[in-house]
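Observations on chain architecture
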Amino acid sequence: MARQKHFVKVCSSTSRGGLSIMDLQVLNQIVHDEKASIGQEKNVRKAARRALALGDICMAAGCPIKAIRIWRAMAQRLLDEDYYWVDAPWYYEAYTSMENLISKEEGLALAQRIDKAWHQLGHPEMATWTRHLRKEYCDMWLDRYYEALP
């Protein structure tokens, strides 16, 4: 007689390829492991992309607050890292723009996901991260280039 294999259902997918159900213990372990590896990542743009994917997994599994916390922590890390470039001396400044050095696109993607999650939770008054990050990056630009303005 053949031995039967017994599996524990960890997650299931929808017909569109999305995630519908995930075991909470497995999700917590995935989040814990990924947060540790994201924290070790030196390149903040790569870390932001991984945080976006991790938050998407949390949203699909039905844990939007966990996703918001991940995205918010990564957005704050991006701002902290990008403020370094405001006062840092640039070599070849004539050939390099600030947009090449900062992670504005990734930060705005994180902010938009945070705002979308708050809207889905029914709290549109909390959806202020996109406006906040746009203001922060505008202030960064002004801090760097204010002396050059006419």
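These figures come from a predicted structure and were not determined experimentally.

Chain-level statistics for the protein give a pLDDT mean of 85 and a share of 85% at 70 or above. Here strand S2 (residues 19–22) stands out as the least confident element of the protein, with mean pLDDT 60; helix H5 (residues 104–121) is the most confident, with 96.

Trp71, Met74, Leu78, Met98, Leu110, Leu133 and Tyr137 are the most contacted members of the largest nonpolar core, which totals 36 residues. Counting residues per element, the ones that place at least two in this core are helix H1 (24–40), helix H2 (44–60), helix H3 (64–87), H5 and helix H6 (129–145). Looking at this core, the element that brings in the most residues is H3, giving 9 residues. Not counting residues within four places of it along the chain, the set of residues in contact with Met74 comprises Ile38, Val44, Ala47, Ala48, Ala51 and Leu110.

This brings us to the state of the cysteines. Using the criterion set out here, one finds 0 disulfides in the structure. Cysteine Cys58 shares no disulfide, and the gap to the nearest cysteine sulfur, in Cys63, comes to 6.3 Å.

Taken as a whole and assessed by the stated rule, the structure comprises 5 salt bridges. Across the salt bridge formed by Arg50 and Glu34, the nearest N and O atoms sit 3.2 Å from each other. In this pair, Arg50 sits in helix H2 while Glu34 sits in helix H1, placing the two residues 16 residues apart along the sequence. Given the relative accessible area of 26%, Glu34 is considered partly exposed. A salt bridge links Arg113 to Asp56; the nearest nitrogen and oxygen atoms lie 2.9 Å apart. Taken together, the residues Arg113 in helix H5 and Asp56 in helix H2 connect sequence positions 57 residues apart.

Its place among the elements puts Glu106 in helix H5. Take Glu106: its relative accessible area is 12%, and that puts it in the buried class. Excluding residues within four positions of it along the chain, Glu106 makes contact with Arg45, Ala48, Arg49 and Leu78.

It is worth spelling out H6 at this point. Compared with the 24 Å implied by 1.5 Å per residue over 17 residues, the 24 Å span of H6 between its first and last C-alpha is a close match. For H6, the full list of buried residues reads Trp129, Thr130, Leu133, Glu136, Tyr137, Met140, Arg144 and Tyr145. The arc that holds the buried residues of H6, viewed along the axis, is 150°, so those residues lie on one side. Buried residues along H6 sit in contact with H3, helix H4 (98–101) and H5.

Taken as a whole and assessed by the stated rule, the structure comprises 2 aromatic pairs. Ring geometry for Tyr84 versus Trp85: centroids 5.3 Å apart, planes at 70°, classification edge-to-face. Judged by relative accessible area, Tyr84 falls into the exposed class, the value being 54%. Both rings, one in Trp141 and one in Tyr145, keep their centres 5.2 Å apart while their planes meet at 45°; by these two values the pair is tilted. Residue Trp141 and its partner Tyr145 are located together in helix H6, separated by 4 residues, close to a single helical turn.

So, on to the packing of H2 against H5. In a pair of packed helices, the angle between the axes and the distance between the axes together describe the arrangement. H5 packs onto H2 with a crossing angle of 15° between their chain directions and a minimal axis gap of 10 Å. For the element pair H2 / H5, the angle class is roughly parallel. The hand of the H2/H5 crossing is left-handed. From H2, Arg45, Ala48, Arg49, Leu52, Asp56 and Met59 reach across to H5, where they touch Glu106, Ala109, Leu110, Arg113, Ala117 and Gln120. Grouping the amino acids of the contact of H2 with H5 by side-chain chemistry returns 6 nonpolar, 1 polar and 5 charged.

Thresholds, definitions, all that
Numbering of residues starts from 1 in every chain and runs along the sequence as written. Residues qualify for local features only when their pLDDT is at least 70, as the model is predicted, and side-chain atom pairs are given and counted only at 80 or more; totals for whole chains, interfaces and linings, by contrast, use all residues. Computation of side-chain values: all heavy atoms of the structure, hydrogens and water removed. As a per-residue quantity, pLDDT reports the predictor's confidence and falls between 0 and 100. The helix count covers DSSP runs of H or I at least four residues long, the strand count covers runs of E at least two residues long, and both are numbered beginning at the N terminus. Buried Ala, Val, Leu, Ile, Met, Phe, Trp, Tyr and Cys residues that are joined via side-chain atoms within 4.5 Å together make up what is termed a nonpolar core. Residue burial is assigned from relative accessible area. The probe radius is 1.4 Å, only protein chains are included, and a residue is buried under 20% of its type maximum, exposed over 50%, and partly exposed in between. Should any heavy atoms of two residues lie within 4.5 Å, those residues are counted as being in contact. Note on disulfides: each one is a pair of cysteine sulfur atoms within 2.5 Å. In what follows, salt bridge is the name for a side-chain nitrogen of Lys or Arg lying within 4 Å of a carboxyl oxygen of Asp or Glu. For a helix, the expected span equals 1.5 Å multiplied by the residue count minus one. This arc describes the spread of directions from the helix axis toward the C-beta atoms. In this analysis, rings of Phe, Tyr and Trp, with Trp reduced to its six-membered ring, are considered paired at centre separations within 6.5 Å, and the interplanar angle assigns stacked below 30 degrees, edge-to-face beyond 60, and tilted for intermediate values. Helix axes are fitted only over the stretch in contact, all axes being lines through C-alpha atoms; the angle between N-to-C directions runs from 0 to 180 degrees. Note on terminology: angles under 35 degrees are roughly parallel, angles over 145 are roughly antiparallel, angles of 65 to 115 are roughly perpendicular, and the others are oblique. The handedness criterion is simple: a crossing whose near helix is rotated anticlockwise from the far helix by less than a right angle is left-handed, and one whose near helix is rotated clockwise is right-handed. Ten residue types, Ala, Val, Leu, Ile, Met, Phe, Trp, Tyr, Cys and Pro, are classed as nonpolar, four, Asp, Glu, Lys and Arg, as charged, and the remainder, Gly among them, as polar.

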